[in-house]
Amino acid sequence: MFNNVDKKLKNTLNKQEVIPLTVRQTLDETYDSIRNQKRKRKRSVNRTGLIAAAASTFLIIGFAVSNDTVMAGINKFINFGDKGIEQAAVNGFIQDSDSWATDQGINITLESHFSDANKLGLSFQMEFEDPSMLLNTADVSMDYRLKNGDGEYIDEFIPDTKPLKGDASYISGSTHQNPWLDSKTGRVQYDVVAESNEGAIPPLKNAVIEIESINVFSNTGELVKIDGTWNLSVHNKEKSNRTATFTMQNESSVIQVSNATANPTSLNVSFAVGGIYEDENTFAEMKILDDKGNEYETNGFTKKTKNNQTIISANFPITSFSDSKKLMLMIEGIGEVELVKN
Amino acid sequence: MANVNALVKKAKKGDNEAFIELIKQYEQVLYKVAKNLLRNDEDVADAMQDAILSAFEKLDSLRNPAYFNTWICKILINKCNSILNKNKNTFEELDAEKVQGHTAALNVKMEFQDELNALNPDYKTAIVLYYIVGMNTKEIAECLKEPEGTIKSRLSRAKSILKSNHLKEEGTMGYVQ
């Protein structure tokens with residue numbers, strides 16, 4: 001008899017269904033919306049189980065700003081859709097730069113940058129002496145290494161074919177974009193945001209960006225690699241990094257928060273939960289709710305296991321410029337913990 | 001039909017059409033999952049839209065393209081559960097016609113699909129994942145974060161209920177004039 005039910009289930013559930021008009025229309029709208037979106041290209045340095053999760057928040061920041069420098073900073077990094085970086089920009093955290101170098105008929109200028117312990121951003125403009133090199137180009141990127149004044153390699157965006165010079169211990173992942181590319185003038189903007197899920201980026205004092213190659217990808221996916229040497233100094237005006245720390249309201253919570261520090265671009269949180277969670281998706285939907293009801297989600301996280309505990313580190317787009325006094329970290333299926341500003 | 005692995009790789013590199021083609025391959029499965037877990041077409045449309053957009057945003061988190069099917073179904077199930085939870089908190093005013101309709105429905109022979117719909121949500125989810133998505137009990141256990149034994153027991157209980165309803169139907173049918 002079970003066999004009959006089994007057969008009936010298979011027949012009933014596997015027959016082709018006509019999708020109703022309401023659903024059909026919604027699906028077609030969804031596809032159109034995807035066609036009009038540009039997915040951010042992400043690179044993940046996967047040493048400790050990094051997950052690149054969705055970046056979406058419901059925070060709304062007002063842009064009642066008139067200062068030109070601040071507006072330029074916002075415009076440079078607004079395409080990343082990171083509300084934390086936008087708030088940092090509104091508060092003047094992004095620094096202008098005019099460091100440049102020319103080689104192989106390509107001039108590269110570092111136009112602006114920012115960094116705190118959690119995130120760093122670089123905005124470049126490239127100018128090709130021969131604009132025809134950009135005809136039928138889909139995007140342009142660079143192979144570069146960012147080295148600080150102590151000689152430590154902080155970030156290396158280098159293909160597998162070249163060896164790394166550092167130990168790749170600072171950056172968890174990075175996103176790269178060309179907000180615009182003009183094949184008539186031969187100019188292209190290239191922006192990068194890199195982050196450390198463990199809040200480990202050291203200060204960029206006396207840092208240098210060593211660019212080794214320019215990668216020009218055609219619309220058909222072909223790559224033209226232009227090797228050269230472009231060294232750009234990062235004139236980091238040491239700004240006092242405003243920070244704010246939060247601690248657990250209830251110390252016996254199932255989520256044990258060991259660190260919650262807000263920097264200008266984001267809140268870095270590290271916490272442990274009992275047991276080993278092999279399925280990383282358990283943490284993909286974690287979020288923080290502030291005392292005004294705004295929700296914040298992560299852009300990714302790092303998972304480690306130790307002493308029968310799962311330890312998660314992540315950045316949320318809540319900044320040290322936020323005036324929230326209380327936050328609630330929520331993980332579906334595990335629990336929640338209230339965090340109070342010190 | 002294009003290869004799923006190749007489409008996932010293309011989509012990860014930013015080819016949006018590849019992502020759409022990928023989803024279209026699973027449109028039927030996704031629709032059937034949502035339809036079996038939710039009550040009306042509007043909710044089904046919302047759940048599918050949310051799941052597809054979420055998958056588009058989170059594609060980088062999918063490590064092994066071979067698991068695309070189970071990965072997106074899992075996202076969809078989370079969306080369906082959110083809608084079900086939201087609906088739980090909504091009070092629906094009972095109207096006389098509806099009540100009469102329900103009573104009348106109890107008096108007629110239930111179709112197999114109705115019997116499925118009447119199952120406890122936990123049983124229904126297990127059935128949907130097993131028969132529509134094609135997951136095995138271990139995969140369902142991982143997806144729902146439940147022990148495999150619990151999933152096996154839910155599938156067995158669900159089939160028992162369907163079997164007993166089926167027997168009742170057959171018995172009733174003999175007496176219907």
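As the structure is a prediction and not an experimental result, all values here were calculated from the model. (Residues numbered from 1 in each chain as written. Chains lettered and ligands numbered in written order. Predicted model: local features only at pLDDT ≥ 70, side-chain atom pairs only at ≥ 80, totals over all residues. Heavy atoms only, no water.)

Just to check I follow, could you spell out the confidence of the model for chain B for this structure?
Parts of the prediction with low pLDDT should not have their coordinates interpreted in detail. Residue and element names in this part refer to chain B. Residues of chain B with pLDDT of at least 70 account for 79%, and the chain-wide mean is 77. Counting interchain partners and residues more than four positions distant, the pLDDT-below-50 stretch residues 91-109 has four contacts. Counting contacts from residues 170-177, a segment whose pLDDT is below 50, to residues more than four positions away or on other chains yields one contact. (pLDDT = per-residue confidence, 0-100. Contact = heavy atoms within 4.5 Å.)

Would you mind going over the packing of aromatic side chains with me for this structure?
Where two aromatic rings form a pair, the distance of their centres and the angle of their planes describe that pair. Within the structure shown, the criterion is met by twelve aromatic pairs over all chains. What links up through ring pairs into an aromatic cluster is the set Phe77, Phe80, Phe93 and Phe114 of chain A. (Phe/Tyr/Trp six-rings, centres within 6.5 Å; stacked < 30°, edge-to-face > 60°.)

Help me understand the packing of helix 2 (residues 16-37) of chain B against helix 7 (residues 121-133) of chain B in this model?
Helix-helix packing: each pair is described by the crossing angle between the helix axes and the interaxial distance. All names here are of chain B. Relative orientation of the contacting elements helix 2 and helix 7 amounts to 160 degrees, with a least axis distance of 10 Å. By the angle class used here, helix 2 and helix 7 are roughly antiparallel. Here the hand of the crossing between helix 2 and helix 7 comes out right-handed. Of the residues in helix 7, those touching helix 2 at Val29, Lys32, Val33, Asn36 and Leu37 are Lys124, Thr125, Val128, Ile132 and Val133. Split into classes, the residues belonging to the contact of helix 2 with helix 7 amount to six nonpolar, two polar and two charged. (Axes fitted to C-alpha atoms, helices over the stretch in contact; angles between N-to-C directions. Helix = DSSP H or I, 4+ residues; strand = E, 2+ residues; numbered from the N terminus. Parallel < 35°, antiparallel > 145°, perpendicular 65-115°, else oblique. Left-handed = near helix turned anticlockwise from the far one by under 90°. Nonpolar A, V, L, I, M, F, W, Y, C, P; charged D, E, K, R; others polar.)

What should I look at first to understand the sheet that holds strand 7 (residues 153-157) of chain A in this one?
Hydrogen bonds along the backbone pair up the strands of a sheet, which may run parallel or antiparallel. Residues and elements named next belong to chain A. Taken together, the four strands give an open sheet; going across it, the order is 7-6-11-12, and neighbouring strands pair in antiparallel fashion. The strands lining the two open edges of the sheet, one partner per strand, are strand 7 and strand 12 (223-234). With direction set aside, neighbouring strand axes in the sheet form an average angle of 20 degrees. Here strand 6 (residues 137-147) runs beside strand 11 (residues 207-218); their pairing, made up of ten bridges, is antiparallel. Counted as the bridge partner of Ser141 is Asn215 from strand 11. (Pairing = 2+ DSSP bridges.)

Help me understand the interface of chain A and chain B, please; the structure alone is not making it clear to me.
Many structure descriptions define interface size as the accessible area lost when the parts assemble. Every contact between the two is made by 45 residues of chain A and, on the other side, 47 residues of chain B. Between chain A and chain B, the buried area comes to about 4,500 Å², and carbon and sulfur atoms account for 58% of it. Remark: the boundary between chain A and chain B carries four salt bridges. Where Glu17 of chain A meets Lys35 of chain B, a salt bridge forms, and the shortest distance between an N and an O atom there is 3.0 Å. At the surface where chain A touches chain B, the tally comes to eleven residue pairs in polar contact (both at pLDDT 80 or more). Those elements giving two or more residues to the side of chain A that touches chain B turn out to be helix 1 (2-14), helix 2 (21-35) and strand 2 (50-51) of chain A. Here the residues of the side of chain A that touches chain B sort into 19 nonpolar, twelve polar and 14 charged. (Buried area = accessible area lost by both parts, 1.4 Å probe. Salt bridge = Lys/Arg side-chain N within 4 Å of Asp/Glu carboxyl O. Polar contact = N/O pair within 3.5 Å; in protein donor to acceptor, adjacent residues only side chain to side chain.)

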